[in-house]
Structure formats: C-alpha cells, structure tokens
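# Observations on the three-dimensional arrangement
Residue-level listing of the chains:
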Amino acid sequence: MLLNYKKYLFIACVAALASCGKYLDRPAPDQAIGKDQLTDNDIALLLKGAYMSMSGSWPPQSYPMTDIYSDDIISLQGGNPAQFNPQAYEACNPSSADGFGIGRLYIAAYTAIGNANFVIGKIGNPATPAMRQLLGEALVIRAHSYNQLAEVFGGVVLIASVETDIDQIRKPKSTETEVLDQVEKDLEAAIPLLGDFKSPKAASKQAAQLLLARVSLQRGKHARAKELAEAVIGSGKRSLSAGTFSPIFRYNSPASEMLWQMSDGPMPSAYERYGLFSFYSPAPPFLGNGTGLTSMDDALADSYEPGDTRREIIRKAKQNATGRDVNYMLKYSTDTLQSAAAVYVIYPLMRISEAYLISAEAAARQNVVDVTRYNQLRTARNASPKNAGDFANATAFLAELEKERRRELVGEGRRWIDMKRFGKAEAFLTSKGRNATRLWFPFTDAELLRNPKLKQNEGY
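Before going further, it helps to examine the packing of aromatic side chains. Inspection of every chain in the model, using the stated rule, returns 21 aromatic pairs. Taken together, a centroid distance of 5.5 Å and an interplanar angle of 90° make the contact between Y106 and F153 edge-to-face. Note that Y106 is positioned in helix α6 (residues 101-123) and F153 in helix α7 (residues 129-153), a separation of 47 residues in sequence. With respect to burial, Y106 and F153 carry one shared label: buried. Judged by centre distance (5.6 Å) and plane angle (85°), the rings of Y374 and F397 are edge-to-face. Of this pair, Y374 sits in helix α15 (residues 372-380) while F397 sits in helix α16 (residues 394-409), placing them 23 residues apart in sequence. Just as Y374 is buried, F397 falls in that class too. Taken together through their ring pairs, the aromatic side chains of Y63, Y69, F84, Y89, F245, F249, F279, Y280, Y332, Y347, W416 and F441 make up a single cluster. Its end group placed over the ring of F422, R365 keeps NZ or CZ at 4.8 Å from the ring centre.

It is worth spelling out the pattern of salt bridges at this point. In the structure shown here, the tally under the stated rule is 38 salt bridges. With its nearest N and O atoms 2.9 Å apart, the salt bridge here joins K221 to E184. Of this pair, K221 sits in the loop between α10 (205-218) and α11 (222-235) while E184 is found in helix α9 (residues 176-190), placing the two residues 37 residues apart along the sequence. By relative accessible area, which is 36% here, K221 ends up partly exposed. Taking the relative accessible area as the measure of exposure, E184 reaches 12% and is therefore buried. A salt bridge links R214 to E354; the shortest N-O distance between them is 2.7 Å. Placement of R214 in helix α10 and of E354 in helix α14 (residues 352-364) is noted, with a sequence separation of 140 residues between them. Like E354, R214 is buried.

Taking 1.5 Å per residue as the helical rise, α16 with its 16 residues ought to reach 22 Å, and the 22 Å between its terminal C-alpha atoms agrees with that figure. Burial of α16 is extensive: 12 of the 16 residues sit out of reach of the surface. Residues of α16 that are buried: A394, F397, L398, E400, L401, E402, E404, R405, R406, R407, E408 and L409. Capping of α16 at its N-terminal end is provided by N393; its side-chain oxygen lies 3.1 Å from the backbone amide nitrogen of T395. Positive backbone phi, approximately 80°, marks G411, located one or two places after α16.

A few words now on the packing of α14 against α15. The angle between the axes and the distance between the axes are what describe a pair of packed helices. One can describe the packing of α14 onto α15 by two numbers: an axis separation of 7 Å at closest approach and a directional angle of 150°. Comparing the axis directions of α14 and α15 gives the class roughly antiparallel. Relative to α15, α14 is oriented so that their crossing is left-handed. Counting all contacts with α14, which are made through S353, Y356, L357, S359 and A360, the residues of α15 involved are R373, Y374, Q376 and L377. Among the residues forming the contact of α14 with α15, the class breakdown is five nonpolar, three polar and one charged.

What follows covers the nonpolar core. Within the largest apolar cluster, 116 residues are counted, with the highest numbers of intra-cluster contacts made by V140, I141, Y146, L149, F153, W260 and M296. In terms of residues, this core owes the most to one element, α7, which gives 13 residues. Residues in contact with F153, not counting those within four places in the same chain, are I102, L105, Y106, W440, F441, P442, F443 and N457.

Moving on, we come to the pairing of strand β4 (residues 258-264). Taken across its seven residues, β4 has six buried, putting it largely inside the fold. The pairing of β4 with strand β8 (residues 345-351) spans six bridges and is antiparallel. Bridge pairing in β8 links D264 to V345.

On to the confidence of the model for the protein chain, then. With 88% of its residues at a pLDDT of 70 or more, the protein chain shows a mean pLDDT of 89. Long-range and interchain partners of residues 1-33, a stretch whose pLDDT sits below 50, account for 71 contacts in this model, where long-range means more than four residues apart.

What follows concerns the side chain of D418. Here D418 lies in helix α17 (residues 415-421). A distance of 3.0 Å separates a polar atom in the side chain of D418 from a polar atom in the side chain of R421.

With 14 residues, α11 extends 20 Å from end C-alpha to end C-alpha; this agrees with the ideal 20 Å at 1.5 Å per step. Of all the positions in α11, only H222, A225, L228, A229, V232 and I233 are classed as buried. Projected down its long axis, α11 shows its buried positions confined to an angular sector of 135°, all on one face. Exposed and facing more than 90 degrees away from the buried side of α11 are A223 and G234.

Okay, the environment of L240 next. For L240, the position within the fold is in the loop between α11 and β4. Separated by 18 residues in sequence, L240 and M258 place their C-alpha atoms 9.4 Å apart. What L240 contacts, discounting residues up to four positions off in sequence, is E257, I352, S353, Y356, Q376, L377, A380 and R381.

Running from N to C, α14 and α16 cross one another at 165°; their axes reach a closest spacing of 9 Å. When the axes of α14 and α16 are compared, the pair comes out roughly antiparallel. Of the two elements, α14 crosses α16, and the hand of that crossing is left-handed. Here S353, E354, L357, I358, A360, E361 and A364 of α14 lie close against α16, whose contacting residues are A394, F397, L398, L401, E404, R405, E408 and L409. The residue inventory of the contact of α14 with α16, partitioned by class, reads nine nonpolar, one polar and five charged.

Cut-off values and rules
- Residues numbered from 1 in each chain as written.
- Predicted model: local features only at pLDDT ≥ 70, side-chain atom pairs only at ≥ 80, totals over all residues.
- Heavy atoms only, no water.
- Phe/Tyr/Trp six-rings, centres within 6.5 Å; stacked < 30°, edge-to-face > 60°.
- Helix = DSSP H or I, 4+ residues; strand = E, 2+ residues; numbered from the N terminus.
- Buried < 20%, exposed > 50% of the residue type's maximum accessible area, 1.4 Å probe, protein only.
- Lys NZ or Arg CZ within 6 Å of the ring centre and 35° of its normal.
- Salt bridge = Lys/Arg side-chain N within 4 Å of Asp/Glu carboxyl O.
- Expected span 1.5 Å × (residues − 1).
- Polar contact = N/O pair within 3.5 Å; in protein donor to acceptor, adjacent residues only side chain to side chain.
- Axes fitted to C-alpha atoms, helices over the stretch in contact; angles between N-to-C directions.
- Parallel < 35°, antiparallel > 145°, perpendicular 65-115°, else oblique.
- Left-handed = near helix turned anticlockwise from the far one by under 90°.
- Contact = heavy atoms within 4.5 Å.
- Nonpolar A, V, L, I, M, F, W, Y, C, P; charged D, E, K, R; others polar.
- Core = buried A, V, L, I, M, F, W, Y, C linked by side-chain atoms within 4.5 Å.
- Pairing = 2+ DSSP bridges.
- pLDDT = per-residue confidence, 0-100.
- Arc of directions from axis to C-beta.

See the structure below:
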C-alpha cells in the first residue's frame, strides 16, 4: 500500500498511532494536527505506531508464508485463492489474488516504511541522544521492511522520504540491488546512532548489526558479515541458552537469546487458540484449535541428535488427513501459562544464535573451516561438537552449516532465502513443476491497480 500523507498525522494517543499505520491516508479533522506541530514526545509515540504496524493486521498468515514455500514446512491446508492459501505456497504457486498472506505482508511493510519515513524526515539532524536513538530505530524499521520486501518480491517501489505527490508515489519499482543498497545505507547510518540492547521489543545497535550481517552474507560481502556477527557476539548483550530451548519463544522470556521480535497482544482469546500455535499444532484433542495440517519435513526432524534440546519443539502425532505419523513443530506452543486476561504472542525477527551461524558461514565462504562458533552453538544445544578435520573442505562445512541453520531456525522465516543462497531453490522449484520465475512472489492485483506503473514479476 503506497501511502499518501497529505497534511495530517494521527497522534491522539498510542491507540490512535496503532491505527495510523493503517489510516494515515484517511485523516479525520477532529483527530489530526499539522505535522509541524509535532513535539519530541509525539515522535516517540509515532515510532511506537511504526513498531505496531510491522506485524500487519494478521501476522499468523504472513509470517509463516515463506517457510511453507520452502522444504522445511509441509502444509495441506487449503483456502480461497484470494485469501490465505497454504496449499498454494506449498505448491510454490502463489496467486496474485492473495490479499491475505501476500497482501498483508506487503501492506504491513509499506505502512512501517511510511511511518519510519515520517520520523526520519521530522528528526533530520538529531540534537539529543534521545532523538539519535529514535532516528536509529526508525532507520532499522525501514531497513528491515525493505529487506523483507526484497526477499519476497525482488525489486519493489523505493520511497525513502515522505511523499505527497501522487506521481512520486505511483512509480516503477526499483531493482533488488537498489533496494538492498538502501537497506545497507540505512543500517550503516543507524548503528552509530543506536544504544546497546535493552529489550527485544525495540531495535538496538546489536539488532542493526545482525540485520546488516544477514544482508551482507546474502549479498556475498562475507568479510563484512563476519565482522558484524562477531561484533554482536562480542558485545555480550545476548547469549546462548544452555540446557533448554523452548522457553526462548515465550513472551517476556527469561532466556537471553532474542534480539528483536514483533509482539501481538493482548489478544482477545486464549493463547492456544491464536496464531502460530494453532497453525503449527496437531489437531484436537491436542490443546488448541489447530487443524493438524501443517508439519515439519521428516528428514529435518530426524536430523536432530537424541540429546539435542531443540527436539523439545518436535511432537510426533498421527495426522488425521493422511493417516500417518508426522512431526509437528511446537516452537510457538510453549507459552500457554499466560493469564487469559493478558495473552501476548511473539514473532521472532532475529536471535543471537544467527550471529554464530553467520560468523561460521562467512568464514567458510572465504575458504576457512573454523568450527569455533558452530561448536559453541551445538554445545549450547547439547549436540555433539565436531573438529575441523571432520570436513574435507570448506564446501563440506558449508553443507553442514546449511543443515544446522535448518535445525536452529526452522519456522522463523529464514529457510527460503537460505535455499537461494545455498543454490537449492531452483532445483526445489523444479521438483514442484515450477521454474525460476517462482523464486519471487507476485504483487497482488490490488497493488497493481493502485499503482499502474508497478510491473508484475515475471511469470505471473
């Protein structure tokens, strides 16, 4: 959704700011003030609205979409082609009519970008530490949103300022390279502005560094990726959990692994009846209202060693639709002890463990087999360490790191982009009867109508 700001901005209260992510282009005169009247406190509230808009109107649909598209998750769940349709993602054949999974991801990203653009433009050259922090956070929100769009669509419309001219809003998409250049520029600018990690509910210096490490790795900038990953680890602000795994994914978890997350709540219903819990869980009589139609890849589930703490998130149960035992992923089913009056759910954006994996992979892509970070992660998960000599060369180590990334990050939205980086995506598409045009998702029909200059991705 390309936003038209016009003259006004909602800032009546935090609730109004939550809605401003959706309705900035529909101002009500009795709720609005001119943008030049904004105070520093108002900017802080607007940034909260940007955070709230990141998850979109129904994150349980957009968040798992690329994981279903990949080889990690198998879904038999159907749906209307114009709505959330996991079977279409499973078949690597998404529809441009899909206004739910694809459409909501796109709208959420641009709503967050629009809010971030306003904050960035309003602050300009920050005069105080508080304004530096707000500017840094806004830059990270914009960078994350554009990176997410680039991962799914490739090139997209790039807007890096508040635009009121409809001809500047309705414009052709930029290339993927141009979008990722902007992502890197924003993150490089944000890192010196931001303070160290305090809460996973907000962007921090370490979150910006890890996001930039992720982007650098994907773009083949391996030395920079390793440098950034090591900076995150060396900061000591987050650490790997030992002895258990599932508590990491609880709201307000005592574990110290989460670097940045989206939160949703308080919810109108019990935790076990909402979101990724019900989507990934077995059907009743298992707690919750899941259909039991979405499971983990069997080979992935079988790849965990018997003592690996990550096995806590796997439950083998009979799937009614097929009559066979399948492996259900319960990574998001571990937070059922919350009060029914204050139920929150989380959607991980990044965890400290990814820094360990990026550091090891970046070294291997420079032909260095350094098992240090790989072993530190596996030791924390109670899995057996390995020696450098166990791998014939860096290529063999990269193959193992790909497997370890699957074991560690399943269900957190990383696998499809990993498959592209490791050269597995096109062969996988061929196995589904698709071709390379399906490396990207389609823009929705609604967005093509809104912006006649937006060209549909090839093959749709």
